[in-house]
Every structure is written in structure tokens, then in C-alpha cells.
Amino acid sequence: MRNCLPLSFRRRAKIAGAVALLLLAMVLLNSCWDLRYLDRLSVVMAMGIDSDPTGKQQLRVTMQTVLAQNAAAGNKLAAEGMAVTTFTETGDTLFEAIRKMTRKTSRRLFFSHTRLLIIGEQAARKGVYPLLDLIERNPDIRGDIAVMIARGATAEQMLQTTTQMDAIPANQMYDTLEINESALGMDYMVRVQDITRMALQEKQQVAIPAITLEGDATAGNDEKNMKRIHPDVQPKLSTMAVLKEGKLKGFLTVKESQGLSWMLSKVRSTVMKTNCPDSDGYLMVEINDAKVKMTPRKSGDGLPIIKVDIRPEGSVKEIMCPDLPVDKETELDTIGKLIDKAIEEEVQAVIVKLQQKLKLDTFGWGRLIYMQKPSLWKSIDKDWETVYPKVRHELKVKTKITDTGVRGESIVK
Amino acid sequence: MFSDYMLSRGRKKSKKQEDREKEVQQNQLGDYEQEPLSPVLAANIKQLQSEMGNSNDIVVRELSLEGEGGSIEAALIYVQGLVDEYRMNESIIQPMLSVPFQARPSDPAKVQDELKNKIVAAGRVEEAKDWKKLFEGLFLGNALILLDGCNTALTSSCVGGERRAVEEPKTETAIRGPREGFVEALRVNTALIRRKIRSPKLWMEQKTIGRETQTPVCIMYMKGLASEDTLQDLRDRLDAIDIDGILESSYIEELITDQKWTPFPTILNNERPDVIASNLLEGRIAILVDGTPFVLVVPTELNMFFQAAEDYYQRYDVATFLRLLRFFSYVLALVMPSVYVAVVGYHQEMIPTPLLLKLVAQREGVPFPVYLEAFIMELVFEILREAVVRMPTIVGNAISIVGGMVIGQSVVEAGIVSPPVVIVVAFTAITSFVSPTYNLGIAARLLRFLLLMAASTLGFYGISIVLLLLLLHLSNLRSLGMPYMKPFSPMFRKDWKDTLLRAPIWMMKERPQAIAVDNLVRADMDTKELEGQEPVQ
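Residues numbered from 1 in each chain as written. Chains lettered and ligands numbered in written order. Predicted model: local features only at pLDDT ≥ 70, side-chain atom pairs only at ≥ 80, totals over all residues. Heavy atoms only, no water.

**Notes on the pattern of salt bridges**
What the rule picks out here adds up to 46 salt bridges over all chains. Its salt-bridge partner being Glu286 of chain A, residue Lys317 of chain A comes within 2.7 Å of it at the nearest N-O pair. Of this pair, Lys317 of chain A sits in strand β12 (residues 304-319) while Glu286 of chain A sits in strand β11 (residues 282-298), placing them 31 residues apart in sequence. The exposure class of Glu286 of chain A is partly exposed, given its relative accessible area of 23%. In this structure, the salt-bridge partner of Arg323 of chain B is Asp311 of chain B, at a minimum N-O distance of 2.8 Å. Remark: Asp311 of chain B occurs in the loop between β10 (295-298) and α11 (316-345) and Arg323 of chain B occurs in helix α11; sequence separation between them is twelve residues. (Salt bridge = Lys/Arg side-chain N within 4 Å of Asp/Glu carboxyl O. Helix = DSSP H or I, 4+ residues; strand = E, 2+ residues; numbered from the N terminus. Buried < 20%, exposed > 50% of the residue type's maximum accessible area, 1.4 Å probe, protein only.)

**Some thoughts on the domain arrangement of chain B**
All names here are of chain B. The domain architecture assigned to chain B consists of domain 1 (33-157), domain 2 (186-300) and domain 3 (316-483). Taken together, the contact pairs 19 residues of domain 2 with 18 residues of domain 3. For the pairing of domain 2 and domain 3, the buried interface totals around 1500 Å² over both sides, and the portion due to carbon and sulfur atoms is 67%. Taken together, domain 2 and domain 3 are joined by seven residue pairs in polar contact (both at pLDDT 80 or more). At four residues, the largest contribution of residues to the side of domain 2 that touches domain 3 is made by helix α8 (residues 228-240). Per-class residue counts for the side of domain 2 that touches domain 3 are nine nonpolar, six polar and four charged. (Domains from an automatic or database assignment. Contact = heavy atoms within 4.5 Å. Buried area = accessible area lost by both parts, 1.4 Å probe. Polar contact = N/O pair within 3.5 Å; in protein donor to acceptor, adjacent residues only side chain to side chain. Nonpolar A, V, L, I, M, F, W, Y, C, P; charged D, E, K, R; others polar.)

**Remarks on the nonpolar core**
In a soluble, globular protein the nonpolar side chains are often hidden away together inside. If you look at the biggest cluster of nonpolar residues, it comprises 88 residues, and the most contacted ones within it are Leu260, Ile335 and Trp365 of chain A. Per-element tally for this core: the top contributor is helix α11 (residues 329-358) of chain A, with nine residues. Counting contributing residues per domain, this core is built from domain 1 (35-251) and domain 2 (254-413) of chain A, each supplying no fewer than three. Every residue in contact with Trp365 of chain A, bar those within four places of it in the chain, is listed here: Met263, Met294, Ile306, Ile351, Gln355, Trp384, Tyr388, Val391 and His393 of chain A. Residues Met148, Ala170 and Leu177 of chain A together with Tyr340 of chain B belong to the second largest nonpolar core, which totals 54 residues. (Core = buried A, V, L, I, M, F, W, Y, C linked by side-chain atoms within 4.5 Å.)

**Quick word on the confidence of the model for chain B**
Residues and elements named next belong to chain B. Overall, the prediction assigns chain B a mean pLDDT of 85, with 91% of residues at 70 or greater. For chain B, per-element mean pLDDT is lowest for helix α1 (residues 2-11), which scores 45, and highest for strand β9 (residues 285-289), which scores 96. Within the model, pLDDT remains below 50 along residues 1-11, and this stretch shows 17 contacts once partners closer than five positions in the same chain are excluded. Reported confidence for the predicted complex is 0.80 by ipTM and 0.82 by pTM. (pLDDT = per-residue confidence, 0-100.)

**Here's the deal with the sheet that holds β9 of chain B**
Residues and elements named next belong to chain B. Here we have five strands laid out as an open sheet, ordered β6-β7-β9-β10-β8, and antiparallel in their pairing. Both outer strands of the open sheet, β6 (202-209) and β8 (268-270), are each paired with one neighbouring strand and no more. Each strand axis lies, on average, 25 degrees off the axis of its neighbour in the sheet, ignoring direction. Examined bridge by bridge, strand β7 (residues 215-222) and β9 share four bridges and lie antiparallel to one another. The residue bridging Val217 from the neighbouring strand is Val289, located in β9. (Pairing = 2+ DSSP bridges. Axes fitted to C-alpha atoms, helices over the stretch in contact; angles between N-to-C directions.)

**Some words on unusual backbone geometry**
Most peptide bonds adopt trans geometry, and most residues besides glycine take a negative phi value. That bond from Lys486 of chain B to Pro487 of chain B is cis: its omega, -5 degrees, falls within 30 degrees of zero. With respect to the helices, strands and loops of the structure, Pro487 of chain B is situated in the loop between β12 (482-483) and α18 (527-531). Following Ser489 of chain B, the chain continues into Pro490 of chain B via a peptide bond in cis, with omega recorded as 0 degrees. Along the chain, Pro490 of chain B turns up in the loop between β12 and α18. Phi at Glu245 of chain A is positive, roughly 50 degrees, even though this residue is not glycine. Mapped onto the elements, Glu245 of chain A comes out in the loop between β8 (233-244) and β9 (247-251). The class of Glu245 of chain A is partly exposed, set by a relative accessible area of 44%.

**Overview of the side chain of Asn225 of chain A**
All names here are of chain A. Among the structural elements, Asn225 can be located in helix α9 (residues 223-227). By relative accessible area, Asn225 is classed as buried at 1%. At 2.8 Å, the side chain of Asn225 and the backbone nitrogen of Asp232 are in polar contact.

**Observations concerning helix α12 (residues 365-372) of chain A**
By the burial criterion, the buried members of α12 of chain A are Trp365, Gly366, Leu368 and Ile369 of chain A. Considered in projection along α12 of chain A, the buried side chains sweep an arc of 160 degrees and stay on one side of the axis. (Arc of directions from axis to C-beta.)

**Observations concerning the domain arrangement of chain A**
Residues and elements named next belong to chain A. Domains assigned within chain A are domain 1 (35-251) and domain 2 (254-413). The gap between the C-alpha centroids of domain 1 and domain 2 is 32 Å. Listed by partner, the interface residues are 21 residues for domain 1 and 25 residues for domain 2. The closest approach of N and O atoms between Glu181 and Arg268, which form a salt bridge, is 3.4 Å. Counting across the domain 1 and domain 2 interface gives twelve residue pairs in polar contact (both at pLDDT 80 or more). Of all elements in the fold, only α7 (169-183), β8 and β9 reach the threshold of two or more residues within the side of domain 1 that touches domain 2. If one sorts the elements of the side of domain 1 that touches domain 2 by residue count, β8 sits on top with five residues. Class assignment of the residues belonging to the side of domain 1 that touches domain 2 gives a composition of ten nonpolar, six polar and five charged.

**Re the state of the cysteines**
Residue and element names in this part refer to chain A. The final tally for this structure, using the stated rule, is one disulfide over all chains. Each disulfide pairs two cysteine sulfurs, and for Cys276 the partner residue is Cys321, the sulfurs being separated by 1.7 Å. The sign of the -80 degrees torsion about the S-S bond sets the Cys276-Cys321 disulfide as left-handed. Separated by 45 residues along the polypeptide, Cys276 in the loop between β10 (270-275) and β11 and Cys321 in the loop between β12 and α11 bring together distant segments of the chain. Across this residue pair, the class does not change: Cys276 and Cys321 are buried. (Disulfide = S-S within 2.5 Å.)

In C-alpha cells:
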């Protein structure tokens, strides 16, 4: 205990004084290094990348940044005006274009809150991998930025289209994708880090959701568009785009896109339409849960067979046909079988398209075999390109209909 | 440790110090201390009056006592206001005048014995042999009886005068629990504790500290529970105190504390007898100082400063929740402004996007950088708080209105300070009031500025550096030689029952290992037996 205070009071006071002086020096000399003033930042919500249409340079980069004073609702000081603005510059690299923007921006572009990257169709055909390096390399930019491909419009147009539901267009597009993924499952979110991971694993091709403009694409960059009940133009989610080695190869149809979601187990909730068993009209089943399992197996001829097992669970939510006694247990099984068929159709469609026509391993079958049947993979590793289209699959869907909603019998007679 | 410091001061005596010591000695009233009284009554009275500069609150009542063999001159001396004059009349003056003494007047010592043993009807009559004892007795509120021809005096107790009654404590109120609080009178305070612990093992030691104030200071502890080493350490430290006055227990606190350079209190003070009693039962030592309702407790742990008396009077689940809330809000009070400054100044990527946009919009056009803003507002708040505390209540209201209007509204509306800073400062202020002990709250107030400085220069990096240093500092602190961070460091796992959580009382069967040396068993009952009782049909 006596050794706790070996120094005299005076010495201690001196040391404390010196430390205080040093602290003061630290505070005064480093002058708030790396301090960023919040009101000197311009928050970039979305980036858009197109090929330079003039052809002089490689890229035409658009930044959608927030005008916070307009965007924050309920702010008394808010002036009338748009919530966002865009800056566009060309450059051979992204960074070049971004730095060129300092000729126009009075504030520093701040990328930490960027949530959306839109890549123009043409730029995507040239390859998306080079466009992602900046995002992955730079610590200030998040890796969980959602990537979309602009279909039928340039990324610049997409970002310059005013939206009604959300004053910030980037948010509207991002949220649309999120809602679609959770409620329909036609598209699913793909983030920069997902693409990077798949690119590094080299065994699975990437699919990226596409977005398009519905309406007059040129009318978007106007306040009027926002102030109409039905806007002249609004962004609309398209289907998934498939890529090969980072280069855009094509777009799926709605059916195929849905099938891809099924295959990759991205479906959380969706609706399936089917004909009524014994009459005209349709009925809808809402799928609440789906378990998807793909297992590879070696067949007699040495080629792999992929067993796809899909087990959705859902309830009948809409009946538009007469005389359907849904209160009968057997009827539910019948409906379940019909739903099986509907899902099978979607899945078959996408397998035909990707495996047979485009020869793209977007399902990750190669990776699946590599992970689960390494010996089999070793034998086909070298000529996977040629083996892949020949891989057979066994598709098995077994839907369980749990209930028919809060109504039993339908009023449709 | 304390004696170390005294020694190191003594070792290197400069000329200046020697001069000072001489001066101190001259100022001391010690000259008469060992001086005996004169046998002549008139001489004694004269000396007493001249020593005290004929102060007119000293009453000298000269009496002539009748005895069977003749009369003897006597004097009754007391300080007006310190004695209960009615009781003095009843128990001292009346018997002395009406009951004749039997001894011969030529033998005053015998007369004095008779007075002491037979005639004077006061509870405590003692003989004062020198001037020091005489003055001590006089100023403690005793009446002195001097006899002619006797070179000693009698001090008979009849302490009285105006004192505050036992009231509900102002600093720590509890919704459930005893309502009484300590008062300024030492005897009342010791009695309040005795009324809680009716045990012969509750021991008391009294010392008189303060050259001029001669303040009675009392150490209370449970014999067999309190560590003898700690007790001896405390006695040494108290004996080493040499100061002219002890006006409040804070003097003692500051003089015996282990580390002088710390914002954290290492000695607990409280005005609730129940809190002191519970600490005594844990094996801690209480220091009572006359003239203040605040009783000190040593040794302490940081943890104790988060415990409120009420924790033990409410259900354990509720008490645990409240205690967690208290810890949480203390941390908030400490770091909230600095975290805000760090996040807004350095780590904007951490803020959820909608909130960031709101903040950017709010900061639009605000002239000061965020750290300056926070500094100014914190400072303004501290000034306001200080002003309100020192002002009379009536004026205080006016200040809070002006403060609320100026700061809460005008500053924001004028766009000089952004609203989030006001929110942060206001919320921090509220959280800082949650701490049950006032002096721990003050520590947070000071450290907040340090953290703010670190945050405004280095962001989170700075905050974590300061917090780390703080942790080191806390682990180094000692309270009367005992580690301050007990039972976390060093670790006493069994004592954790009463730290962040408050375990049910039937689970805390043992005293804190860290304090009580042996005799750990607090409750010796089988709780299963209690639970298993059949309901009465």
C-alpha cells in the first residue's frame, strides 16, 4: 500500500501539469484533423455509370446527392425545391469523373451513405467488375450498395427522374427492390460485396436486378412530373439481368426471373396464380415460406445430376372461380398440386434459358458440386464449360397449403 | 499513504517553512493547555475572562454555598445559548443553594467531592484539572463549577440550546424507507445509529480535531467486522490532521483521502442513518463529525455510489432495473455530448441516413462548428445550473425562465445553435441528475468536458483513449488502502450479487468478502425451508 504513491505531492503536481500542457498542445496543434463539417458535406445517395455516349472517354458518371435543406421534411427553414440534385461528368475511370465534379460541387461529395449503384446497359455489357473496384477499395464507401442495371434508359436518366413516394429517387428505387424481394420475389437485391464474392469464387455467374423507366423518359427531370397524380414517368423494377464474367448477357422474362428466385432460395413470400381445378377462372395462393434444397449426385455416365427440392408453404388468398369447396382437405391437396406445377413451370423456364440457351451457371451448380462432391468436381473441373449444359436435373416441388384465409367457402357461385 | 505525504513534507524544511512553523506555534492557544488552575477563585475568574476578552456570552454566576460548618464562595460559569438554562437551574443551581454541604469549608476538595457525588443532579459531572479541559467542557455546553480554594473545576452536563430537529433528509429521499435524517448534533447522530444497531459490538471512538474549533469527531464500527488494519490506518490519518478548523465532514474527507488528484469521490457521505447502519453491518467504518448531518463512510467502492437506499426497500427485480438504469444514464451523462460531437464531426457514416439528412438540414447555416457549439451549450448549462443553485428560490425561478427561453428557443430560432445540440445537452443534464450521490455526478460533469475535448480533436479514437485512461485511473484508486474498483478488480465474484444487479436479500447470505475480514455469514437460514412451508388450511 505504501508503494502506491511513491511520488511526492509536488512531483505529482509537476507531472500532472506537464501532461495537461501536452494534452493542450495535442488539442491545439492537430487542429481537428480529419474533422468534417456536416454542413460542408454533400451526401451522395446514388451513383449512376453509363458509357460515354460521345466516345471520347470511357464513362459518364452521375451522382445523385441530397439537398438536405429541401429533403428533411418538417424543417421550417426548408426552401421550396428539389430534394436532390445530380452532377454528371465523364472520365476514363470513376475516380477521375468524381474528382472532375469538384468543378461544380461547392461541398465535398460524401459516399458513406450511398445505397444504390445504377449501371447503364451499355456499360454493363462492357463489364461491371472494373466499375466496382473503387467501391470495394475505398474505405469510405460501403460494400453493401445495391446494384441495378438500367434497362432501356441510361443510368443518368434514371437518377434524374423525380419520384413521388419518396422525395429522394434513390430511396424509392432501393425500397421498391426491397419490397419486391420480400413480397413477390421476382427480383432480389444484389450488393456490391455479393458480386465481388462471386467474382472471386469464379464458379457462379452473377444476376443483377434491372430497373427501367415507365413512361416518357425525358419528362422525368422536371418538378411537374412529381406534381401530377399520375406521373409522366416513374422508375419500375424490371426482371433480373444475367451476366457472364461480369458482362451483361441478357434479361430474363418475368417467369424466368421468378424461377431464378425460386432456384436461389430468394423467395421469402410470393403469390402463385393457377387455374381452378374443375372450372374456369383463377385462384391465388400466397406463399409464406419456402425451403429450397439443391443436392448434386453423380449419375451412371459420370455426369452430375442436380436434385432441386422446393417445399413452399402457403395459403389460398383469392378465389375467382365457382364451386370450389376449399373447406375440404382433399381440395387443398389438389390446389397444392396445381401450385407445384406452376412453380415447376417457372423453374423449368429459367433452367432452359440459362442452362441451354445462354449456358450461364447463375444457379451456382458448379460451386455446389465443388463444395459437396469434390471428387466429382475434380473430374469435370477442366471442361465445366462443356459439361454444364449437359448436367441433368430432377425437379421436385411439394407445396403445402395450410389454410384458406379467414373465409372458407367462396361467394363466387 | 497520507503519513508518507506528511513525512515528505517534513523532510525538506526550507527557511520559509521553518518561519511558518514558528508562526503557527505562536498562533496556537496551546500555551495554557497544560497550565493548572489557580486555587483562588477570583484569580481563575479573572483569567478566564481575560482569556476570552470579556466576551459577554460567558455568564459567571457567583454563589455563596451554605454548609453546616460555614459558607464557601463558588462560581457557576457557562456559555449562554449552549446550555439548557432551565435544566441548569433545576439540577445544578437549586440543589447547590438549597442543600447545605456537610464537609468543613476549610477543606474545599471535600466540598467539591460532595457537590460532585451528592448535590449536583446532572447526568455527567466530571473534574477538569487544567485549563484545556475546562475550556473544552465549557464550549461543549457544560456548566463549570469553581470553588474557592480548589484548583480543579467541575463540569456538569446540561447541554442545550437551539438545534435543528431530526427531519427527513434533503439530499437522498426515498419513497419507501425511514424518514429520519442526521442532524448537526453529534450525540443525536450517534443515537440515531444506535437505535438501528442495538448491539454491544457497535463501538465508538471519539477524537477532537481542529485546533480552534475543537470539533468532536467520532469513529463508529462493528467490532469484529471492520478490519483492524483499516481502523488503525484511519486512526493514524485522523491523528495526522493538524488544522485550525473542521467545519464540515468534507474537511476530513479531503484530508484523509488516498488520492488527491481524482474527480471521483473515494469517501462516501450520506445523511441517512439506515444507509450508515447498513454500511456498518458490511464491516465499513463511519466517521461522524459534529456540526454536519453528513456522515462519512470508508472504505468505499465505485459501485457504492450507484446504490440508493431505496434499492433495498423495493423488490429486487424493480431495484435491479433501477440500478441498471442508473449505470446506463451515468454512462450517458458522461459520454453523450462527446459521442454526438464525434459522430457528427468524424463518423458521419455511422448515422442512419434519414437522421443524417435531418442533422445536415438542421446544421445548415449554423455559424459554429459542432464541437464549439457543444462546448458553448454545455458551459451555458453549467452556468445556469450554478446560478439556480446559489440563488434564493424566488430568484431561481426567474433565472430558469430566462435560461429556458434564451437557450431553449431564441438561440435555436435565431439559428445560432442547432437544435440537436440543445437536445443532447438537455438530455445529458437530465441523465446527470439520476446519479444517487451528488459528488459522483459532479465527477461526470468535469469529465464530460475532458471527453468533449478528446472527441472534438480525435473523434471516437479520442473518446476511447480517455475512457481507457479513466479505467486505468479508477483501477489505481484506493479508498483507505482498499481498491476502489472492488469487487471487479480485484475480483470477488461472490460480491457481484450487489453490484450491477441487486440480488434478492435471501440470496445475499454473506457479507461482502472484500470488506468484512471474517464473520462473513449475514443470514443463516435455509431459504428452501421458508419456501416449502405448507399453506395454512
